[in-house]
Amino acid sequence: MTAGENSIQSNKSIPDLAPLEGVLFDVDGTLCDSDPIHHHAFRDMLLEIGFNDGVPIDEEFFIKNISGRHNTDIAATLFPNDLPRGEKFLDDKEAVFRRLASENLPPLKGLYKLTKWIEDRGLKRAAVSNAPRLNAELMISKLGLKDFFDVVIIGSECERAKPYPDPYLKALELLEVSKDHTFICEDSASGIRAGVAAGVPVVGLTTRNPENVLMEANPTMLVKDYKDPKLWAVLEELDKKADSLKAAARA
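Each chain carries its own residue numbering, running from 1 in the written order of its sequence. Predicted model: local features are reported for residues with pLDDT of at least 70 only, side-chain atom pairs are reported and counted for 80 or more only, and whole-chain, interface and lining totals are derived from all residues. Just so you know, side-chain values use all the structure's heavy atoms and leave hydrogens and water out.

**Student:** Even after reading the chapter, I still don't get the overall build of the chain, so can you show me in this structure?
**Tutor:** Helices and strands together make up the secondary structure of the chain, namely 10 helices and 6 strands. Rg of the C-alpha trace for the chain: 18 Å, near the compact-globule value of 18 Å for 251 residues, within the 12% margin. The dimensions of the chain, computed from C-alpha atoms along their principal axes, are 70 × 40 × 30 Å. Taking the contacts inside the chain whose residues are at least 6 apart along the sequence as the reference set, 68% of them involve residues at least 24 apart. Note on areas: Shrake-Rupley, 1.4 Å probe, and residue coverage restricted to the protein chains presented here. A total of about 12,000 Å² of accessible surface is found on the chain, and carbon and sulfur atoms cover 49% of it. Under the convention used here, Asp and Glu are negative, Lys and Arg are positive, and both His and the chain ends fall outside the count. To locate a charge, the coordinates of NZ of Lys, CZ of Arg, CG of Asp or CD of Glu are taken. Computed over 31 positive and 41 negative side-chain charges, the separation of the two mean positions in the chain equals 5 Å. Strands here mean DSSP runs of E at least two residues long; helices mean DSSP runs of H or I at least four residues long; both are numbered from the N terminus. Here the globule rule reads 2.2 Å times residues to the power 0.38, and the radius of gyration is calculated from C-alpha atoms. Only heavy atoms enter the contact rule, under which two residues are in contact if any of them lie within 4.5 Å.

Shown next as structure tokens:
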């Protein structure tokens, strides 16, 4: 079964979502620029065990085989003949990541401008991540967003992780919001596919992944970060449409 099976892709633009009810965020690469930390940890630890004949993994390998994927899938890719070893390696790597992330975890540019916009409108919000819960909660806490999110959904705690739609469908259910009045922020092809499969418009962020790779996953739009004028243009249009709907309802 593919991630998109039995799901209907949304063809709505962001302004079409008015009145907006909720915003869903991935965590790694979407709230913060954490991929360099992950890459650093993977590169050094794989070197220590002689992976790839001692040649360090490059960014292309990281994007293709690691970024945005669930740890079980990563373990199967890196250690196809010894999954238990792969899972132990990933557990150790996540501990290294948490140590490094505790020291330096830069938010995406414009993140707090967007979170304020969301708070000012009283929208519901969820973090939806393929990261282990310890990682996701550490990053959210370090970014000062512990009280911002109504719920934190973890892929491994769902029946299927991203790129399947299950984590995003669970977020919609728990927040009690409609897919027709919600959008998702994602930075990986895997995450974008999950959102598209859930029928929710996705704003893709070109944090580290190439635009052509992200476009293949079919996001509603791509932006550089949360300061991107393209994002604020559509949010302004969404606000205007919401105001028009309110005025029509009062008439």
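**Student:** What should I look at first to understand the state of the cysteines in this one?
**Tutor:** Where two cysteines share a covalent bond between their sulfur atoms, that bond is called a disulfide. Criterion for a disulfide: a pair of cysteine sulfur atoms at a distance within 2.5 Å. Across all of its chains, the model carries 0 disulfides by this definition. With no disulfide of its own, C185 lies 13 Å from the sulfur of C32, the closest cysteine sulfur.

**Student:** Would you mind going over helix α5 (residues 111-120) with me for this structure?
**Tutor:** Spacing of three or four residues puts side chains on the same side of an α-helix, whose turn is 3.6 residues. Here the term buried applies to any residue with accessible area under 20% of the maximum for its type, exposed to any over 50%, and partly exposed to those in between, with areas from a 1.4 Å probe on protein chains only. Those residues of α5 that sit buried are L111, L114, T115, W117 and I118. What you see down the axis of α5 is that its buried residues fit within an arc of 155°, all on one side. Contact partners of the buried residues in α5: β1 (22-25), β2 (124-129), β4 (182-186) and α10 (229-250). Note on α5: the residue one or two positions beyond its end, G122, has a positive phi of about 65°. It is the directions from the helix axis to the C-beta atoms whose arc is reported.

**Student:** Help me understand the pattern of salt bridges in this model?
**Tutor:** It is possible for side chains bearing opposite charge to pair when their charged atoms get close. In what follows, salt bridge is the name for a side-chain nitrogen of Lys or Arg lying within 4 Å of a carboxyl oxygen of Asp or Glu. Evaluation of the coordinates by the stated rule reveals 15 salt bridges. Across the pair D16 and K241 runs a salt bridge, and its minimum N-O distance is 3.2 Å. Of the two residues, D16 sits in the segment before β1 while K241 sits in helix α10, which places them 225 residues apart along the sequence. When its relative accessible area of 34% is taken as the criterion, K241 is described as partly exposed. A salt bridge links D44 to R43; the nearest nitrogen and oxygen atoms lie 3.2 Å apart.

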